[in-house]
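# Descriptive analysis of the structure
As a plain string of letters, each chain reads:
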Amino acid sequence: MKKFRYRMEPLLKQRKHIENEKQKILATANKRILEQQNELSEIEVTQKNTCNSQEKKIEHPFSVADMLVYSRYVHKLKKDRMVGGEMLKVLKQDEKQKRKELLQASQERKKYEKLKEIQEEKYYTEFSDEEKKESDEIALNIFRLKKTNLI
């Protein structure tokens with residue numbers, strides 16, 4: 001029996017490779033989102049700690065310069081948080097786009113795999129039909145041979 005050979009196997013392999021690359025790109029995008037979220041949470045923690053420290057300073061005599069330093073630092077942290085939030089939005093949009101690309105690549109691969117399955121099924125059906133024809137022919141020849149020997 002001749003083994004089934006899919007003519008578009010190299011194309012299917014290429015589609016699988018493209019899909020794997022898209023998965024890696026999506027994983028990188030997800031990693032960047034997580035890093036940005038961690039950075040934002042660190043900024044919030046730092047901001048809370050700074051505000052708590054500033055409140056403790058207020059309880060005792062303080063200089064205006066110290067309070068300016070604290071307020072400027074808190075303002076900088078707010079600004080960083082806003083910029084980080086915008087960056088997170090951009091990263092999420094990028095991740096959404098990468099996810100769409102991965103989905104499209106996956107659909108392309110599945111299309112070629114389905115075509116392979118259909119062609120393979122057709123090949124084995126034809127092969128089975130040929131085997132049935134051969135066995136029918138052999139049985140017919142045996143029947144004819146027995147019939148001619150009996151007469």
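Before reading on, note that the structure itself is shown above.
Starting from 1, residues in each chain are numbered consecutively following that chain's sequence as written. Given that the model is predicted, a residue must reach a pLDDT of at least 70 before its local features are reported, and side-chain atom pairs must reach 80 or more before they are shown or counted; all residues, however, enter totals for whole chains, interfaces and linings. To obtain the side-chain values, all non-hydrogen atoms of the structure were used and water was disregarded.

Turning our attention to the overall build of the chain. Scanning the chain from N- to C-terminus turns up two helices and zero strands. Overall size of the chain, expressed as C-alpha extent along the three principal axes, is 130 × 25 × 15 Å. Think of it in three bands: residues with accessible area under 20% of the maximum for their type are buried, residues over 50% are exposed, and the middle band is partly exposed, with areas taken using a 1.4 Å probe on protein chains only. When each of the 151 residues of the chain is scored for burial, the buried share is 19%. In what follows, a contact means two residues having at least one pair of non-hydrogen atoms within 4.5 Å. The long-range share in the chain, meaning contacts at least 24 apart out of those at least 6 apart in sequence, stands at 85%. What counts as a helix is a DSSP run of H or I of at least four residues, what counts as a strand is a run of E of at least two, and both are numbered from the N terminus.

Once that is clear, we can look at the nonpolar core. Here, nonpolar core refers to any group of buried Ala, Val, Leu, Ile, Met, Phe, Trp, Tyr and Cys residues whose side-chain atoms link them within 4.5 Å. F4, Y6, L12, Y112 and Y123 form the largest nonpolar core, which has five residues in total. For L12, the residues in contact, after removing those within four places along its chain, are Y6, R109, Y112, E113 and K116.

Now for the environment of Q37. Checked against the element boundaries, Q37 lands in helix 1 (residues 9–59). Taking the C-alpha atoms as reference, Q37 lies 46 Å from Y6; in sequence the two are 31 residues apart.

Here E19 lies in helix 1. Looking at E19, the relative accessible area reads 8%, which means it is buried. Those residues within four positions of E19 in sequence are excluded, and the remaining contacts are L102, A105, S106 and R109.

A pairing counts as a salt bridge when a side-chain nitrogen of Lys or Arg comes within 4 Å of a carboxyl oxygen of Asp or Glu. A complete count under the given rule lists 13 salt bridges for this structure. A salt bridge links E21 to K24, with the shortest nitrogen-to-oxygen separation between them at 3.8 Å. Residue E21 and its partner K24 are located together in helix 1, separated by three residues, close to a single helical turn. Using a relative accessible area of 33% as the deciding quantity, one classes E21 as partly exposed. The shortest N-O distance in the salt bridge between D94 and R32 comes to 3.6 Å. Residue D94 is located in helix 2 (residues 64–150), and its partner R32 is located in helix 1; the two are separated by 62 residues in the primary sequence. Overall, D94 belongs to the partly exposed group, its relative accessible area being 24%. Taking the relative accessible area as the measure of exposure, R32 reaches 36% and is therefore partly exposed.

All right, on to helix 1 then. Multiply 1.5 Å by the residue count of a helix minus one, and that product is the helix's expected span. Spanning 51 residues, helix 1 covers 75 Å between terminal C-alpha atoms, matching the ideal 75 Å at 1.5 Å per step. Buried within helix 1 we find L12, E19, L26, A29, I33, Q36, L40, I43, Q47, T50 and Q54.

Patch rule: a residue counts if its relative accessible area is over 30% and it has no salt bridge; like charges are joined within 9 Å, and nonpolar side chains (Val, Leu, Ile, Met, Phe, Trp, Tyr) within 5 Å. Here the open area of atoms and residues is found with the Shrake-Rupley method and a 1.4 Å probe, where only the protein chains shown may cover a residue. We score Asp and Glu as negative and Lys and Arg as positive, and we do not count His or the chain ends. Here the site of a charge means atom NZ of a Lys, CZ of an Arg, CG of an Asp or CD of a Glu. Together, E126, D129, E130, E131, E134 and E137 make up a negatively charged patch on the protein surface. With respect to the helices and strands, D129 occurs in helix 2. The partly exposed category is assigned to D129, whose relative accessible area is 37%.

Bringing the packing of aromatic side chains into the picture now. When two rings of Phe, Tyr or Trp (its six-membered ring) have centres within 6.5 Å they constitute a pair, described as stacked for plane angles under 30 degrees, edge-to-face for angles over 60, and tilted for the intermediate range. As enumerated under the stated definition, the model contains three aromatic pairs in all. Seen in terms of ring centroids, F4 and Y124 are 6.4 Å apart; in terms of plane orientation they differ by 45°. Their pairing is tilted. Taken together, the positions of F4 in the segment before helix 1 and Y124 in helix 2 put the pair 120 residues apart, joining distant regions of the chain. Residue Y124 is classed as partly exposed on the basis of its relative accessible area, which comes to 32%. Aromatic ring contacts, followed pair by pair, group F4, Y123 and Y124 into a single cluster.

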